[in-house]
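Listed below, chain by chain, are the residues.
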Amino acid sequence: MAVPVPELRRVCRQAWEPVIARARRAVVFLDAASAEALHWGGGAGELLAAGALAVRTLSAEAGAAAGAARVVFVVSGALRGGTAAAVRGVLAQGAVRHCVLVSGGEAEGGGPAELEETLQRWVGEGGRAEVVLRGPPLLAPVSAELCLLPALPALLPPLPGPGGPGPVELGLGALPAALRAAVRALVGDLDALFTALGLREESFAVGTLSRVIAAELASYAPARNRRRMATNKASVVFVDRTLDLAGAVGHHGDNLAEKILSVLPKLPGHKTDVMVNMVELTALQTTDETCSIIAPGCLAQPNDPAAKALWESFMNLKQKEAVMEARRHLVEAVSRENLPIKMSMGRVTPEQLSSYIQLFRNNLKALENHCGLLQLVLAIVQTLKHPLTSKWDNFLAFERLLLQTIGESEMPSVLNQLLPMIKSYSERTKDDYTCEDFLVLLVYMYSVVGEIRSGKELDAAEEEVKKALVKVICDEPEPSPVLQKIVGCDSSLNLTSQKATDAVDDIFRSLRDIARARMHMKQFNSIHNPGNNTHQASYKPLLKQVVEEICNADRPDPVDIEHMSSGLTDLLKTGFSMFMKVNRPHPGDHPLLIIFMVGGVTVSEVKMVKDLVATRKPGTQVMVLSSALLTPCSAIELLFATDRLQSHADI
C-alpha cells in the first residue's frame, strides 16, 4: 500500500502538535529551520490561535521574552553551539519561570533528562524546565511531491580529491566531524519520518555519500525494529548531487516556479521562499524597489487552497500554461467580487495581469479574500519584468552552445572562447555576465564534460581565466552577498588581490574535482550526449537516467544503483544470487518510490521525476525529499562559500 499525499501533510502537522499544545500564554522562539518548516506547513497563525503571546526568531539578539513567564523553544536539531547560546541568552534575562524545549535530536552525550537538568540550571531557582522530543522531523512541504528538511541546508557530498577515495573506501568514520554529525542527524530524521508514515523501506544509493547515508539508515537499530513491524513498502533511493551539478546550475527548465525562485530576492531568514513586492496593491506612490514600509508577500500559502493550487501549477506546467492558469484564477476572483473588468484575449502579458490586480486596490474585503492569489500573481509580474529573466534565455542559449562545443573541441579551447566575455564592472552592460554568472557557467562546463585530459595546455588556459576572474572580483565596487561569502570578505575595503587569488585557486581545484565526480560510475558515467549529423548535442540529466533505470520494465540488475542490505537475510540473498537464481531487491519493486537528492534538488528535477514515473510506471507514487531547493546562484554558494555545514553558527 502506498502512502497518500494527505498522509504526508498529516505528518508535517504532527511535528507541531507538541508546540501547539504548549503555546498558550507563552512566547514561542523558533530557530531558522523550524521557522521555514512552519512557514510552508501552516504559518504562525496556528500558534497565535492556540494562545501564543508572540512568535519570534531564536537568535543571539532574541532579547527578553517581553516579561513573559512562559517560553517555548522550537529547535530543529540538538541543543548545542549557537542554538544553545541563544536559548541560554533568553533564559538569562530572568523573567522566565517555565521553559519548554521542543527538540528533534537528543543533545550529544545526553537524553531528555540531562537536557532538562541543563535548562533547569539556566532558568534558575524556582523555575521549571521541560523537554519534549517531537515525533516526526520538521518538514517544509513545498509541493505535493516535494518535501525539504530545512535543518540541513548545507549538506553536500564531498568532492573527490585528485587521488579521491574510491567508492568503497569511504565510511562514516572517514567523514569530517561536521559532515558525520549531519549524516547522523539526517538518518535520525528519516527514521522518525518513516515511522510516522509506517514505512518498511529498502535503501538504495547512487554515489559515495549516498552509500554512507543508506548504509547508516539500513543498520540504524531503531529503523531495523521499525521495519519488522511496518507494512507500507517503499524504495528509498539516495543520489549524490555532486554527480551532476549541471542540473543544479543549468537553465533548461521552462518552468515558472524555477524562474521566480531564481530572480526574486530571498525572504529574510529563509533559504527557499522569496519576497514579493506588495506596493502595487496600496496607495503608496513609490518606484523604490527596496521600499520596506509594506510587508513583503511570499509564495508559501499553506492555508489558501486556491493559491496552493496555483502554486502547484507553477511547479508542474510549462511557463506559458502556468501564466494562462494565473490569468484564469485572477479573472475568476475578479468575477466573484463583481469588480469591473475589461477582458482581453490572446497572449497574457505582465501589464494585463497588473491591470487585473489594480482592480483589488481599494477593496479591502476583496483583498482579504484573495490575498494569497494576488501574492502569487504579483510574483509572476515581477519575475517576467525582471532584467534577470531575459538573461535566463541568454544562459540557456550559451549552455546549448557549450554542449555543442564540448563535443567538438578540447576543454582549453572552450575556456579560451570564454575569456573575452569576462568583463570588469566598468565595462559590463546589463546583458553581460557577472562574476557569479561565470562561476555558474564554469560549474556547468566542468560537470558536463566529465574527466578532462590534464596537461600544459589546460593549465595555461585555466591560468588565463583565473587571472581575468581575479581582476573582475577586485574591480567590483561592492561584491554581492554570494561573492562576499566565496571570497570571505564582507566589503570591497577588506578585499585584497591575494584573497581573491586564493579563492579563485580553490574554485578551480573544486572544478577539477567536479569533472572527476563520476569517474567510478559504470552506467551513469556521462551526462553529455555528443549528438550526430541529425541530432544536436544535449544534456542528459543523471537523475533522469537513474529514474529510467528504476522504471525499466525488463528489471535488469542495476549497475550503479546499489542496494544497501540491513541484515543477514539480505546479505545471504546477495551472496546466493551470485551463483543461483535469487531475486535481488530492485528499486522498482514497491508502490512508493522516494528519491532523496543529497545536496539539493531543483524544481525542474522534481517535475521530471514526477512525469517520468507517471508515464513509465503508472500506479507508483513518488515523493522527492532533499535538504534544499536549489537555484543556480544558491548552488554556487553551496559549492564555494567558505562556511558550509556551520549551520548553527549564524544564530
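Rules used throughout
- Residues numbered from 1 in each chain as written.
- Predicted model: local features only at pLDDT ≥ 70, side-chain atom pairs only at ≥ 80, totals over all residues.
- Heavy atoms only, no water.
- Helix = DSSP H or I, 4+ residues; strand = E, 2+ residues; numbered from the N terminus.
- Rg over C-alpha atoms; globule rule 2.2 N^0.38 Å.
- Buried < 20%, exposed > 50% of the residue type's maximum accessible area, 1.4 Å probe, protein only.
- Contact = heavy atoms within 4.5 Å.
- Areas by Shrake-Rupley, 256 points an atom, 1.4 Å probe, with all protein chains shown as cover.
- Lys, Arg positive; Asp, Glu negative; His and termini not counted.
- Charge placed at Lys NZ, Arg CZ, Asp CG, Glu CD.
- Phe/Tyr/Trp six-rings, centres within 6.5 Å; stacked < 30°, edge-to-face > 60°.
- Pairing = 2+ DSSP bridges.
- Axes fitted to C-alpha atoms, helices over the stretch in contact; angles between N-to-C directions.
- Expected span 1.5 Å × (residues − 1).
- Polar contact = N/O pair within 3.5 Å; in protein donor to acceptor, adjacent residues only side chain to side chain.
- Salt bridge = Lys/Arg side-chain N within 4 Å of Asp/Glu carboxyl O.
- Core = buried A, V, L, I, M, F, W, Y, C linked by side-chain atoms within 4.5 Å.
- Nonpolar A, V, L, I, M, F, W, Y, C, P; charged D, E, K, R; others polar.
- Parallel < 35°, antiparallel > 145°, perpendicular 65-115°, else oblique.

Here we take up the overall build of the chain. The secondary structure content of the chain amounts to 26 helices and 14 strands. For the chain, the C-alpha radius of gyration of 26 Å lies close to 26 Å, the compact-globule estimate for 651 residues. Oriented by its inertia axes, the alpha-carbon framework of the chain measures out at about 70 × 70 × 55 Å. In the chain, which comprises 651 residues, the share counted as buried stands at 53%. Nonlocal contacts in the chain, meaning residues at least 24 apart in sequence, comprise 78% of its contacts between residues at least 6 apart. Accessible surface, the chain: about 28,500 Å² in total, of which carbon and sulfur atoms supply 53%. The averaged location of the 72 negative side-chain charges in the chain is 4 Å from the averaged location of its 66 positive side-chain charges.

So, on to the environment of Asp31. Note on placement: Asp31 falls in the loop between β1 (27-30) and α3 (32-41). For the pair Asp31 and Gly269, spaced 238 residues apart in sequence, the C-alpha to C-alpha distance is 9.8 Å.

With that settled, the discussion passes to the packing of aromatic side chains. If you walk through the whole model with that rule in mind, you get 9 aromatic pairs. Taking 6.1 Å as the distance between ring centres and 70° as the angle between the ring planes, the aromatic pair formed by Trp311 and Phe314 counts as edge-to-face. Taken together, the residues Trp311 and Phe314, both in helix α12 (residues 305-316) and 3 residues apart, mark about one turn of the helix. Phe314 carries the same exposure label as Trp311, and that label is buried. On the numbers, 5.1 Å between centres and 50° between planes, the contact of Phe395 with Tyr433 is tilted. Here Phe395 is found in helix α17 (residues 387-408), whereas its partner Tyr433 is found in the loop between α18 (411-418) and α19 (435-449), with 38 residues between them in sequence. On the accessibility criterion, Phe395 (6% relative accessible area) is buried.

With that settled, consider the sheet that holds strand β3 (residues 70-75). The parallel open sheet is built from 5 strands, whose spatial order is β2-β1-β3-β4-β5. Only two strands of the sheet have a single partner each, and these edge strands are β2 (54-57) and β5 (128-133). Direction aside, the axes of adjacent strands within the sheet are offset by 20° on average. The pairing of β3 with strand β4 (residues 98-103) spans 6 bridges and is classified as parallel.

Turning to the environment of Leu629, a few remarks are in order. Position of Leu629 among the secondary structure elements: in the loop between β14 (621-626) and α26 (632-640). A C-alpha to C-alpha distance of 24 Å links Leu629 and Thr615, two positions 14 residues apart in sequence. Once residues lying within four places of it in the same chain are set aside, the contact partners of Leu629 are Val142, Leu146, Leu148, Leu261, Thr272, Val601, Thr602, Val603 and Ser634.

With that out of the way, let us pick up helix α5 (residues 81-91). Taken as a whole, α5 has its buried residues at Gly82, Thr83, Ala84, Ala86, Val87, Val90 and Leu91. Next to the buried residues of α5 lie β1, β3, β4 and α6 (112-123).

Glancing now at α12. Between its first and last C-alpha, α12 extends 17 Å over 12 residues, near the 16 Å set by a 1.5 Å rise per residue. Taken together, the buried positions of α12 are Ala307, Leu310, Trp311, Glu312, Ser313, Phe314, Met315 and Asn316. Those residues of α12 that are buried are in contact with α3, β7 (146-148), α11 (256-263), α13 (319-336), α16 (371-385) and α25 (603-616). Its side-chain oxygen 3.2 Å from the backbone nitrogen of Ala306, Asp304 forms the N-cap of α12.

Moving on: the pairing of β14. For a regular strand, side-chain orientation follows a simple rule: the groups alternate between the two sheet faces. With 5 of 6 residues buried, β14 is to be regarded as a mostly interior element. When strand β13 (residues 592-598) meets β14, the two strands line up parallel, connected through 6 bridges. Across the sheet, Phe596 pairs through a bridge with Leu625, a residue of β14.

This next bit is on the pattern of salt bridges. A side chain of one charge can pair with a side chain of the opposite charge if their charged atoms are brought near each other. If you walk through the whole model with that rule in mind, you get 27 salt bridges. Each of Asp191, Glu201, Arg226 and Arg227 takes part in one network of salt bridges that share partners.

The subject of this paragraph is unusual backbone geometry. Phi angles above zero are rare outside glycine, and Arg25 is one such case at about 55°. Within the element layout of this structure, Arg25 appears in the loop between α2 (17-22) and β1. Despite not being glycine, Asn338 has its phi angle at roughly 55°, a positive value. As for its position among the elements, Asn338 is in the loop between α13 and α14 (350-358). Note on Asn338: relative accessible area 68%, which makes it exposed.

Nonpolar side chains in soluble globular proteins tend to end up buried together. Within the largest apolar cluster, 132 residues are counted, with the highest numbers of intra-cluster contacts made by Val237, Trp311, Phe314, Phe360, Met445 and Tyr446. For this core, the leading source of residues is α19, giving 11 residues. Excluding its chain neighbours within four sequence positions, the residues that come into contact with Tyr446 are Met411, Leu415, Ile452, Glu462, Phe508, Leu511, Arg512, Ile514 and Ala515. Val11, Leu175, Leu190 and Met623 belong to the second largest nonpolar core, which has 39 residues in total.

Glancing now at the packing of helix α8 (residues 208-219) against helix α9 (residues 221-229). Between α8 and α9, the shortest axis-to-axis distance is 5 Å and the interhelical angle comes to 65°. The segment α8 lies against α9, with Leu217, Ala218 and Ser219 engaging Ala221, Ala223, Arg224, Arg226 and Arg227. Across the contact of α8 with α9, the residue classes break down as 4 nonpolar, 1 polar and 3 charged.

As a further point, take the sheet that holds β14. Spatial strand order, β6-β7-β14-β13-β9-β8-β12: 7 strands in an open sheet with mixed pairing. Each edge of the open sheet carries a strand with a single partner, namely β6 (140-141) and β12 (562-564). Its contacts with the sheet put α25 on β7, β13 and β14, and the angle it makes with β14 is roughly 160°.

Running from N to C, α11 and α16 point in directions that differ by 75°, and their axes come no closer than 9 Å. As judged from the angle between their axes, α11 and α16 are roughly perpendicular. Side by side, α11 and α16 meet where Leu256, Lys259, Ile260 and Val263 of the first sit next to Ala379, Ile380 and Thr383 of the second.

It is worth spelling out the side chain of Asp31 at this point. For the buried Asp31, no salt bridge is present, and the opposite-charge side chain at shortest range is Arg134, 7.0 Å distant. Within the local environment of Asp31, its side chain forms a polar contact with the backbone nitrogen of Ser76, the two atoms lying 2.8 Å apart.

Next up on the list: the side chain of Glu36. Mapped onto the elements of the fold, Glu36 is located in helix α3. Notably, Glu36 is buried but unbridged: the nearest opposite-charge side chain belongs to Lys271, and the N-O separation is 7.3 Å. Within the local environment of Glu36, its side chain forms a polar contact with the backbone nitrogen of Lys271, the two atoms lying 3.1 Å apart. Within polar-contact distance, the side chain of Glu36 engages the backbone nitrogen of Thr272 at 2.9 Å.

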